[in-house]
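Descriptive analysis of the structure
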Amino acid sequence: MLHVEGQPGIGKTRLLGAAKDQAVAAGIRVLSARGGALEGDYSYGVARQLFEAEVLRDASLLHGPAALASAALGAGEPSGDGPDSPFPVVHGLFWVASNLAERGPLALVVDDAHWIDGPTLRFIDYLAARLEGLAIAVVLAARPPVTASPVESLLNGIRTRADTVLVRPEPLGVTGASTLIRARMGCEPDAPFVNACHTASGGNPFMLGEMLAALAREEVPPVADSVARVEALGPETVEQSLRSRLAGLPPEATEVAEALSVFGSGAEVRHLESVIERGHARVGDAVDILTSAGILAGGHPIQFAHPVVEQAIYSRLAANARSRLHRRCADVLLEEQQPAIRIAPHLLACRPAADDTVVETLLAAASTALAQGAAEQAQRYLERAVAEPPLGATKAPVLALLGEAIALTGRDLDEACGHLEAAAELVAGEDGGAEYLEVAARVRLFQGDLEGAIQVLDRPFQRGAVDRETTLRLRAHQAGIGVLAPSIGRAAVDRLEQYAGVPGGTPAELAVLAEVAAARWLDGRIGEAAALAEQALGGGRLLAAEGPVSVAFSHCVHILFDADRYDIGSPALESGIDLARRQGSVLGLGSLIALRSVSSWRRGEIDGAETAALDALSMLERGGQPVAGPAQRGYLTLALLERGDMTGAARESDRSGISPRLLELTYFGTPFDARARLQLAQGRPEAALQTLMELESRDARLGIRHLSTPWRRTAVEVCLALGDRARAQAFAADQITLAARWDTPSAQGLALATAGLADETDEGLDLLEAGIAALAASPARLDLARAFVDFGAALRRRGRRSVAREPLRQALDLATRCGATVLATRAQAELAAAGARPRRHQISGPDALTASERRVARMAADGLSNREIAQALYITVRTVENHLSRAYAKLGITSRRGLVSVLAPKDEWPPLMT
């Protein structure tokens, strides 16, 4: 990464030109772009300069995750509503660059980077952090930062990276100035003249050149007697030089120069002809004249000889003239039916005039920007549209889209909701603006304002009659929030019961069935809930209707996992994840990957639970969904505890933010259970019991009767550690009672095994054995391993050492396969106490792999290439290579060919004791 920094005219562009020449000579493909005064308002404008021609010429560059950049590069439209974060598009652009680099070394060269649009700069920042292992060089040239704007802050972050080479061209010295003067004036200059020129220009090559051009036009010789004339030029050299040069040119030359400074890059003679309303020939002649005068660079495209000249001409325009020219430029582009997003920067510079065309164009540009994940640009377009102002039917969509844009930036969510709700008030008809209100409700929901979300969804009913489909959809979404927070939305859950018998033929009916299923789940009737959830999924119709950011869809998948129905829940979840990836929905992807951690934990896949929780947190932090963090930190804490990482578990538990003040949501039991297990492992059973009492109190207030979080198992262990067996048995009895309704093999087995742990009599052994039999028929392998340990330990304590060894061996093997290091160590110790000689716990082999190493190794064993793995996991190829290299060393192999035999699939569990 090379960053050339300096004041205007210091020679940055010349250095970049030399770098491009050297790269081409070395056989490196060079893609170049240049920032401009208008580029900052053109989302991904500089990225399009770099890549648009390449992807239009070769569509295969947009294969895989690179497809997420299609809309940003003008090569297609995204599916769905577009990304809900800049990240997917930025990631897609990274893969476009990576795909190009696969075909040969690549240099990306960007001049005037201080004028780059924010979305492109995010991409460059993202790429800069991932250059290792890629045959890509990035070269930027920019002026020094002068403000704390978001764009300059990003640029400053790039220039100060440890691996960025920062080059600051120095001003010319007196000797260098003398050489330039000699070359320009064709004779040997006097020393006083050289010193005066050097002082006046500050050694800036461009400024010195402009001074010499001005002196030459006045036929001032480079002698000592000319020093006073040099000093008279002063710091306004460029402006004086321009005035002087333009004064002697035909009027249309000045008009063309001014029009070009406003139009920006990409101007053709026909554009300038239309802007200044002069004939083609006269404009072409003016271009030639301006080129001869050194104002334009010559060649194609038409551009100024230097950005300083362009800026000087633009800044000398009066405000009204500038606004008028921008509007003419916009009209020209409109006549050519250019994309609205290219026209919008000109409209931003026009004064408001209550013009519907301006509003419609800005609205279209904002829609495109949102489809590209550029919410900040969309917000600017829409705020300008509001100032126009919009009239009649266009006002509601402008306000609504402005609310969406502000919500996606995450800056002022109250303002976002205000715009959406105001838009809904303007909509007539039986849906009562429901579409806008649903977006507002989602914003409030994911920021933790659940009560506000329910109230927003009630507004159409307050305004009058609402059609049936809209009624069902709104009532279902209200009930979905009510299931998450019954203390707030119990009435919404109860109200949905009147629609429980809908057939599921329409999208709204499917949503109703999903939330009726969730209500049954909350009440502990898992069998009914699972049957309704399967019906609600509708063979993919619910996901297609509601998209990946759907509470109803997530509820269905979660219910099916709790019901041990992974055969239905897992394919549905993967379909949702795939859709979220294709749409670029970071929020949807994070929410659904979070369900992967639930699935992995339920099945005893510790590494999968850890990996999914980390991935989900990464996505949810990008998507701005704070209410999901505590639950995922809970699963991460549990996974780290099972691995024996007490420090990491304590860190994640602290970061979960659990306390009596935490929002009372039905899925927040896990972080409390995890905190209690951590406290028990730390030797603090009293603190653990206090944590569990808070959880029990919360469950009571929420009316929870489900066993989704089986915290009573932890409570039994805590009470036994405190020596309070009677209380342990009471908790176990509660779990048995709840499991009578929550009649899944995993829940029944865990309840029986927990009761057996609490009972020190022979009946306890029978309960443990019954629990093992039920768990063996379930996917809950970690719970089964723990039941085997408890059973073997109980047998050993009763003197039945030889009988105890087989269940303990089963426990050790299962715990090892689950990645449950602590439980495996306990099984090992019990085996030794039972007189067996267990193998030492592995410190190499599959058990030594980290979660990330195991995940990458498993994908490689399944036949995926390093590149495919990187694309699937949102990491770089070099990161994949590093993971595999460490995995090979731990597994004692030298290549991916050995992975298949070393890594047994998770479903190849050993035979169980009968």
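Thresholds, definitions, all that
- Residues numbered from 1 in each chain as written.
- Predicted model: local features only at pLDDT ≥ 70, side-chain atom pairs only at ≥ 80, totals over all residues.
- Heavy atoms only, no water.
- Helix = DSSP H or I, 4+ residues; strand = E, 2+ residues; numbered from the N terminus.
- Buried < 20%, exposed > 50% of the residue type's maximum accessible area, 1.4 Å probe, protein only.
- Areas by Shrake-Rupley, 256 points an atom, 1.4 Å probe, with all protein chains shown as cover.
- Lys, Arg positive; Asp, Glu negative; His and termini not counted.
- Charge placed at Lys NZ, Arg CZ, Asp CG, Glu CD.
- Phe/Tyr/Trp six-rings, centres within 6.5 Å; stacked < 30°, edge-to-face > 60°.
- Lys NZ or Arg CZ within 6 Å of the ring centre and 35° of its normal.
- pLDDT = per-residue confidence, 0-100.
- Contact = heavy atoms within 4.5 Å.
- Pairing = 2+ DSSP bridges.
- Axes fitted to C-alpha atoms, helices over the stretch in contact; angles between N-to-C directions.
- Parallel < 35°, antiparallel > 145°, perpendicular 65-115°, else oblique.
- Left-handed = near helix turned anticlockwise from the far one by under 90°.
- Nonpolar A, V, L, I, M, F, W, Y, C, P; charged D, E, K, R; others polar.
- Disulfide = S-S within 2.5 Å.
- Expected span 1.5 Å × (residues − 1).
- Core = buried A, V, L, I, M, F, W, Y, C linked by side-chain atoms within 4.5 Å.
- Polar contact = N/O pair within 3.5 Å; in protein donor to acceptor, adjacent residues only side chain to side chain.
- Patch = residues over 30% accessible without salt bridge, like charges linked within 9 Å, V, L, I, M, F, W, Y side chains within 5 Å.
- Salt bridge = Lys/Arg side-chain N within 4 Å of Asp/Glu carboxyl O.

Things to note about the overall build of the protein
Scanning the protein for helices and strands turns up 47 helices and five strands. Looking at the 914 residues of the protein, the share that counts as buried comes to 57%. Surface accessibility of the protein: about 35900 Å² in total, with carbon and sulfur atoms responsible for 51%. A gap of 6 Å separates the mean positions of the 93 positive and 111 negative side-chain charges of the protein.

So, the packing of aromatic side chains
Applying the stated criterion across every chain yields a total of seven aromatic pairs. Relative to Phe668, the ring of Tyr667 has its centre 5.1 Å away and its plane inclined at 75°; by these criteria the two rings are edge-to-face. Residue class for Tyr667 comes out partly exposed when judged on its relative accessible area of 23%. Pairing Trp711 with Phe731 gives two aromatic rings, centres 5.9 Å apart and planes at 75°, and the pair type is edge-to-face. With Trp711 in helix α37 (residues 711-721) and Phe731 in helix α38 (residues 725-741), this residue pair connects regions lying 20 residues apart in the sequence. Through a chain of ring-to-ring contacts, three or more aromatic side chains come together here, namely Phe87, Phe94, Trp95 and Tyr126. Its end group placed over the ring of Tyr314, Arg322 keeps NZ or CZ at 4.5 Å from the ring centre. Over the face of the ring belonging to Tyr566 we find Arg603, whose NZ or CZ atom lies 4.7 Å from the ring centre.

Details of the confidence of the model for the protein
Per-chain confidence: the protein averages 91 in pLDDT, with 96% of residues scoring 70 or above. Per-element mean pLDDT across the protein ranges from 75 in helix α10 (residues 237-247) up to 98 in α37. Predicted confidence for residues 906-914 stays below pLDDT 50, and this span has 23 contacts to residues more than four positions away or in other chains.

Quick word on the sheet that holds strand β5 (residues 165-167)
In space, the five strands of this open sheet follow the order β2-β3-β4-β1-β5, with parallel pairing throughout. Each edge of the open sheet is held by one strand with a lone partner, namely β2 (29-34) and β5. In this sheet, adjacent strand axes meet at a mean angle of 15° when their direction is disregarded. By the bridge criterion, three bridges tie strand β1 (residues 2-5) to β5 in an arrangement that is parallel. Opposite Leu2, over in β5, you have Val165 as the bridge partner.

Comments concerning the packing of helix α16 (residues 340-348) against helix α17 (residues 356-371)
The description of two helices packed together rests on the angle between their axes and the distance between the axes. Between α16 and α17, the least distance of the axes is 8 Å, while the angle of their chain directions is 125°. Overall, the two elements α16 and α17 adopt an arrangement that is oblique. When you trace α16 past α17, the crossing you get is left-handed. Counting all contacts with α16, which are made through Ala340, Ile341, Ile343, Ala344 and Leu347, the residues of α17 involved are Val358, Thr361, Leu362, Ala364, Ala365, Thr368 and Ala369. A breakdown of the residues in the contact of α16 with α17 according to their chemical character gives 10 nonpolar, two polar and no charged.

Description of the state of the cysteines
Disulfides are covalent bonds that link the sulfur atoms of two cysteine residues. Within the structure shown, the criterion is met by zero disulfides. The thiol of Cys329 is unpaired, and the distance to the nearest cysteine sulfur, on Cys350, comes to 8.7 Å.

A few points about the packing of helix α19 (residues 395-409) against helix α20 (residues 413-425)
For the pair α19 and α20, interaxial distance at closest approach is 7 Å and the crossing angle is 160°. In terms of orientation, α19 lies roughly antiparallel with respect to α20. The handedness of the crossing between α19 and α20 is left-handed. Each of Ala396, Leu399, Ala400, Leu402, Gly403, Glu404, Ile406 and Ala407 in α19 lies in contact with α20, whose residues at this interface are Leu413, Glu415, Ala416, His419, Leu420, Ala422 and Ala423.

Topic: helix α46 (residues 877-891)
With 15 residues, α46 should cover 21 Å at 1.5 Å per step; its first-to-last C-alpha distance of 21 Å lies within 8% of that length. One or two residues past the end of α46 sits Gly892, with phi positive at roughly 70°.

Overview of the nonpolar core
Nonpolar side chains in soluble globular proteins generally cluster together in the buried interior. Formed by 279 residues in total, the largest nonpolar core has its most connected members in Phe51, Ile136, Ile295 and Leu899. The element contributing the most residues to this core is helix α26 (residues 507-522), with 12 residues. Among residues more than four places away in sequence, those in contact with Ile295 are Leu242, Arg245, Leu246, Leu249, Leu290, Phe304, Ala305, Val309 and Ile313. With 14 residues, the next largest nonpolar core counts Phe193, Ala196, Leu212 and Leu215 among its residues.

A short note on unusual backbone geometry
Here the residue pair His300 and Pro301 is connected by a cis peptide bond, since its omega of 0° sits within 30 degrees of zero. Here Pro301 is to be found in the loop between α13 (280-292) and α14 (307-315). In this structure, the amide linkage connecting Glu388 to the following residue, Pro389, adopts the cis form with an omega of 0°. Relative to the helices and strands, Pro389 is located in the loop between α18 (375-387) and α19. Its identity as a non-glycine residue notwithstanding, Ala354 has a phi of 50°, on the positive side. Mapped onto the elements of the fold, Ala354 is located in the loop between α16 and α17. Note on Ala354: relative accessible area 40%, which makes it partly exposed.

Some points on the environment of Arg786
Counting through the fold element by element, Arg786 comes out in helix α41 (residues 781-797). The class of Arg786 is buried, set by a relative accessible area of 10%. Those residues in contact with Arg786, other than ones at most four positions away along the chain, are Glu642, Arg677, Arg713, Glu717 and Leu823. Engagement of the side chain of Arg786 in a polar contact is seen with the side chain of Glu642, the distance being 2.6 Å.

Quick notes on α41
The terminal C-alpha atoms of α41 lie 24 Å apart, and with 17 residues this matches the ideal 24 Å at 1.5 Å per residue to within 8%. Of all 17 residues making up α41, 14 are buried, and the element is well covered by its neighbours. Taken from the residues just after α41, Gly799 is the one with a positive phi, measuring 85°.

Some remarks on a negative patch on the surface
Among the surface-exposed residues, Glu383, Asp412, Asp414 and Glu415 lie close enough to one another that they form a single negatively charged patch. Along the chain, Glu383 turns up in helix α18. Given a relative accessible area of 37%, Glu383 falls into the partly exposed group.

Some words on the pattern of salt bridges
Summed over the entire model, instances satisfying the criterion amount to 62 salt bridges. Taking the shortest distance from any N to any O, the salt bridge between Arg122 and Glu376 comes out at 2.6 Å. In this pair, Arg122 sits in helix α4 (residues 118-128) while Glu376 sits in helix α18, placing the two residues 254 residues apart along the sequence. Taking the shortest distance from any N to any O, the salt bridge between Glu528 and Arg520 comes out at 3.2 Å. What makes Arg520 buried here is its relative accessible area of 12%.

A closer look at the side chain of Thr744
Within the element layout of this structure, Thr744 appears in the loop between α38 and α39 (745-758). Residue class for Thr744 comes out buried when judged on its relative accessible area of 3%. There is a polar contact of 3.1 Å between the side chain of Thr744 and the backbone nitrogen of Ala747.

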